[in-house]
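What follows is each chain in one-letter form.
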Amino acid sequence: MVRAIVGANWGDEGKGKITDMLAKESDIIIRFQGGSNAGHTIINEYGKFALHLLPSGVFYSHTTSIIGNGVALNIPYLVNELQSLVDRGVPKPRILVSDRAQILMPYHVLFDTYEEARLAGKSFGSTKSGIAPFYSDKYAKIGFQVSELFDEETLKEKVNRVCELKNVMLEHLYHQPKIDPAELLNTLHEYRDMIAPYVCDVSAYLAEAIREGKNILLEGQLGSLKDPDHGIYPMVTSSSTLAAFGAIGAGIPPYEIKNITAVVKAYSSAVGAGAFVSEIFGDEADELRRRGGDGGEFGATTGRPRRMGWFDAVATRYGCRIQGATEAVLTVLDVLGYLDELPVCVGYEIDGVVTKDFPTTVKLEKAKPVYVKLPGWKCEIRGIKNYEDLPENCRNYIEFIEKEIGTPITMVSNGPGRDEIIYRNR
Ligand code: GDP
């Protein structure tokens, strides 16, 4: 059985925790897109971890963790992240890396940084991990596949060819030092030796695993609204964040993805630029940011304060639909126990017309939130294990959201820990 765990919002919904939790009953966990630009925060018996590139299943010794072909593979980053787990007492995880994954090159990080500087105030809020230049090169067909590291002649020829192009841009657009092809070739030899133990024909491996009936998790990064096609373009990420892309980024048949678990956050948060209709500001935002997540809403990769907002049912219903969610998990609900009332954005007013349909970006920029206010429950809900034991107003909030988003909420997360989960309808 293949299950995808994906974000229904702007990312940071708590996918890491849910993946870590569900990985207990899984055999294989796969990252299928993105790179080291987003972080998943996980708290378990080994401590608190912010994973950036490794799948969130690495803490169990019975699982195999896979970096799929759709990922932007930063090889030294992967090796360091693995080592940092081992250094903290986590048993060395079993890792496989697709021979078709492409390599995030040192110059991708540089180009990301230079381009953000060039755009100055008009930047996209990149994490400067090289992700946008990486995917640009992949689709411009000047990327380096892992398999190419093992063919010296192809590699050398390509390094020279790509450097020629990159150096024109470095010299004339960014006025920065040029790349030395010999040095780059050396770096790639080092990368080859680092990654060699993990390289695998992943789609063949997964075909066999599916045949054997293994439990497989596809772990998404970011969320629906950051998808390059269906999100808030151009304030999006550079690879698809949707469950459907899991088939491509892992190399499995699309019809094998039976279960699509959309992770939905009980309030809104976003990083980077772009329209954010239910955004809140000032003291109201500061308080939610301080109380949010586990120890505050600050980026796991960058430490940047996240933008905060009330729950946006318009964006989330769209987010669930575009994911094809078969179920939703509502996370970080415990954080909201301090509020007297909880505004929920149930419509967008655009040019005087109220809609419940999530619009394209040009219209989104003009949207104003239409709120319904629900009464708060004013108490701590951490520690509660049964749905019926939640305060009535809390259940009303969950059920109101469930109706608005049109997706069954099967789990409610009421704390960052692995066991802090309430199952429903099971
Ligand atoms: P991801 O990228 O979707 O995995 O999300 P992040 O890890 O960036 O953000 C989620 C944050 O919320 C992390 O700090 C988690 O430890 C924390 N978290 C996850 N679920 C819950 C929850 O139910 N309650 C609280 N208080 N924190 C949670």
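The rules behind these values
Residues numbered from 1 in each chain as written. Predicted model: local features only at pLDDT ≥ 70, side-chain atom pairs only at ≥ 80, totals over all residues. Heavy atoms only, no water. Salt bridge = Lys/Arg side-chain N within 4 Å of Asp/Glu carboxyl O. Helix = DSSP H or I, 4+ residues; strand = E, 2+ residues; numbered from the N terminus. Buried < 20%, exposed > 50% of the residue type's maximum accessible area, 1.4 Å probe, protein only. 1 Å grid on protein atoms, 1.4 Å probe; cavity = no way out; pocket = protein on both sides within 12 Å on 5 of 7 lines; lining within 4 Å. Points joined across faces, edges and corners; volume = space filled by probe spheres on them. Nonpolar A, V, L, I, M, F, W, Y, C, P; charged D, E, K, R; others polar. Pairing = 2+ DSSP bridges. Contact = heavy atoms within 4.5 Å. Axes fitted to C-alpha atoms, helices over the stretch in contact; angles between N-to-C directions. Lys, Arg positive; Asp, Glu negative; His and termini not counted. Polar contact = N/O pair within 3.5 Å; in protein donor to acceptor, adjacent residues only side chain to side chain. Core = buried A, V, L, I, M, F, W, Y, C linked by side-chain atoms within 4.5 Å. Domains from an automatic or database assignment.

Asks: Would you mind showing me how to read the pattern of salt bridges here?
Replies: Working definition: two side chains of opposite charge can pair if their charged atoms are close together. What the rule picks out here adds up to 28 salt bridges. One salt bridge connects Asp-294 with Lys-48, and the closest N-O pair in it is separated by 2.9 Å. With a gap of 246 residues between them, Asp-294 in the loop between α9 (282-291) and β14 (307-309) and Lys-48 in strand β4 (residues 47-51) connect regions that are remote in the sequence. Residue classification places Asp-294 among the partly exposed positions, given a relative accessible area of 32%. Here Glu-157 and Arg-161 are joined by a salt bridge, their closest N and O atoms 3.0 Å apart. Here the residue Glu-157 and the residue Arg-161 both occupy positions in helix α5 (residues 152-172), the gap between them amounting to 4 residues, near one helical turn. Classification of Glu-157 by relative accessible area gives partly exposed; the value is 43%. For Arg-161, a relative accessible area of 40% gives the class partly exposed. Here the salt bridges share partners, and the residues they tie into one network are Asp-12, Lys-265, Glu-297 and Arg-306.

Asks: Any chance you could explain the layout of surface pockets here in plain terms?
Replies: Vacant regions in the atomic arrangement are exposed by a probe of water-molecule size rolled over the atoms. Approximately 910 Å³ is the volume found for the largest pocket. Forming the walls of the largest pocket are 40 residues, and the residues nearest its centre are Asp-112, Ser-126, Ala-132, Val-236 and Ser-238. Those elements giving two or more residues to the lining of the largest pocket turn out to be α3 (106-119), α4 (131-139) and α5. In the lining of the largest pocket, the residues fall into 18 nonpolar, 13 polar and 9 charged. Roughly 520 Å³ of volume is contained in the second largest pocket.

Asks: Sorry if this is basic, but what is going on with the sheet that holds strand β10 (residues 216-223) here?
Replies: Backbone-to-backbone hydrogen bonds join strands into a sheet, with any given pair of strands oriented parallel or antiparallel. Reading across from one edge, β9-β7-β5-β2-β10-β1-β11-β16-β20-β21 is the order of the 10 strands in this open sheet, with mixed pairing throughout. Bordering the open sheet on either side are β9 (199-200) and β21 (421-423), each of which pairs with just one other strand. Of the pairings in the sheet, the one linking strand β20 (residues 409-413) to β21 comprises 3 bridges and is antiparallel in character. Its bridge partner being in β21, Met-411 is matched across the sheet by Tyr-423. In the packing of helix α12 (residues 392-405) onto the sheet, contacts are made with β11 (257-265), β16 (327-331) and β20, and the angle to β20 comes to roughly 135 degrees.

Asks: Would you mind showing me how to read the sheet that holds β14 here?
Replies: An order of β12-β14-β13 is seen for the 3 strands of this open sheet, with the pairing classed as antiparallel. Edge positions in the sheet fall to β12 (268-270) and β13 (279-280), since each has one partner strand and no second. Summarising the sheet, β12 and β14 pair through 3 bridges and their orientation is antiparallel. Each bridged residue has a counterpart across the sheet, and for Ser-269 the counterpart in β14 is Met-308.

Asks: How do you make sense of the side chain of Asp-227 when you look at a structure like this?
Replies: Checked against the element boundaries, Asp-227 lands in the loop between β10 and α8 (243-250). One buried charge, Asp-227, has no salt-bridge partner; the nearest side chain with opposite charge is Arg-321, at 12 Å. A distance of 2.7 Å separates the side chain of Asp-227 from the side chain of Ser-240, its partner in a polar contact. When neighbours within four sequence positions are excluded, Asp-227 is seen to be in contact with Ile-232, Val-236, Ser-240, Thr-241 and Leu-242.

Asks: Looking at this structure, I do not really get the nonpolar core. What am I missing?
Replies: Where a protein is soluble and globular, its nonpolar side chains tend to be buried together. Judged by nonpolar contacts, the single largest core of 40 residues is most densely connected at Leu-73, Phe-144 and Ile-195. At the level of secondary structure, the elements contributing two or more residues to this core comprise β4, α2 (75-87), β7 (94-98), α3, α5 and α6 (181-195). If you count residues domain by domain, this core takes at least three from each of domain 1 (2-99 + 199-262) and domain 2 (102-196). Every residue in contact with Ile-195, bar those within four places of it in the chain, is listed here: Leu-73, Ile-75, Leu-78, Val-97, Val-146, Leu-149 and Phe-150. Counting residues in each nonpolar core, the second largest holds 39 residues, with Tyr-267, Ile-280, Ala-313 and Ala-328 among its members.

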